[in-house]
Amino acid sequence: MVGDKYEKAIQLYGSPQYVRIGKELDELIRDEFFASSQEMGFDKAVAYGPNKADDLLVTWLFLRNDKIAAILMSIF
């Protein structure tokens, strides 16, 4: 999945429940990776979950140039 275009994620999983860009993306990257978005080079982050099937799992896809560059799965 890393390296796939963002459109493929939408085809597989539907529209994301959360989208982070700009300042919100900076805060997410700082909290999860202890780095800045400039260091990581991500343009956008989108999240899927939690949902009825699994109310504890959230999957973040981090995008660079409209391709998936990293995946982070969080369990609450």
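Residues numbered from 1 in each chain as written. Predicted model: local features only at pLDDT ≥ 70, side-chain atom pairs only at ≥ 80, totals over all residues. Heavy atoms only, no water.

J.: Could you clarify how one ought to interpret the overall build of the protein chain in this entry?
T.: Summing up its helical and strand segments, the protein chain has three helices and four strands in all. Reading the protein chain from its N end, one meets helices and strands in the order α-β-α-α-β-β-β. Each of the 76 residues in the protein chain was classed as buried or not, and the buried ones make up 32%. Residue pairs in contact within the protein chain that sit at least 24 positions apart in sequence constitute 43% of those at least 6 positions apart. Carbon together with sulfur atoms contributes 53% to the accessible area of the protein chain, which is approximately 5000 Å² in total. (Helix = DSSP H or I, 4+ residues; strand = E, 2+ residues; numbered from the N terminus. Buried < 20%, exposed > 50% of the residue type's maximum accessible area, 1.4 Å probe, protein only. Contact = heavy atoms within 4.5 Å. Areas by Shrake-Rupley, 256 points an atom, 1.4 Å probe, with all protein chains shown as cover.)

J.: Please clarify how a nonpolar patch on the surface should be interpreted in this entry.
T.: Taken together, the side chains of Met1, Val2, Leu12, Tyr13, Ile71 and Met73 make up a nonpolar region of the molecular surface, amounting to roughly 600 Å² of accessible area. At the level of secondary structure, the elements contributing two or more residues to the nonpolar patch comprise α1 (6-13) and β4 (67-75). Examined against the element boundaries, Ile71 turns out to sit in strand β4. Look at Ile71 and you get partly exposed, because its relative accessible area is 37%. (Patch = residues over 30% accessible without salt bridge, like charges linked within 9 Å, V, L, I, M, F, W, Y side chains within 5 Å. Salt bridge = Lys/Arg side-chain N within 4 Å of Asp/Glu carboxyl O.)

J.: Looking at this structure, how should I read the packing of aromatic side chains?
T.: Any two aromatic rings considered together are summarised by their centre-to-centre distance and by the angle between their planes. If you walk through the whole model with that rule in mind, you get five aromatic pairs. Here Tyr13 and Tyr48 contribute two aromatic rings whose centre-to-centre distance is 5.6 Å and whose plane-to-plane angle is 50°, an arrangement assigned as tilted. Here Tyr13, found in helix α1, pairs with Tyr48, found in strand β2 (residues 44-48); they are 35 residues apart in sequence, far enough to count as distant. Exposure remark for Tyr13: the relative accessible area of 48% places this residue in the partly exposed category. When the centroid spacing of 5.1 Å and the interplanar angle of 35° are considered together, the rings of Phe42 and Phe62 count as tilted. (Phe/Tyr/Trp six-rings, centres within 6.5 Å; stacked < 30°, edge-to-face > 60°.)

J.: Where do I start with the pattern of salt bridges in this structure?
T.: Pairing between side chains of opposite charge can happen when the charged atoms of each approach one another. With the rule as written, the count across this model stands at two salt bridges. Ionic pairing is found between Asp4 and Lys8, a salt bridge with its closest N-O pair at 3.4 Å.

J.: Would you mind going over the pairing of β2 with me for this structure?
T.: Consecutive residues of a regular strand have side chains that alternate between opposite faces of the sheet. Counting buried residues in β2 gives four out of five residues, a clear majority hidden from the surface. The pairing of strand β1 (residues 18-20) with β2 spans three bridges and is classified as antiparallel. Bridge pairing in β2 links Arg20 to Ala45. Pairing geometry for β2 and strand β3 (residues 57-64), over five bridges, is antiparallel. Paired with Ala45 across the bridge in β3 is Phe62. (Pairing = 2+ DSSP bridges.)

Spatial relationships are all this shows, so hold off on functional conclusions.
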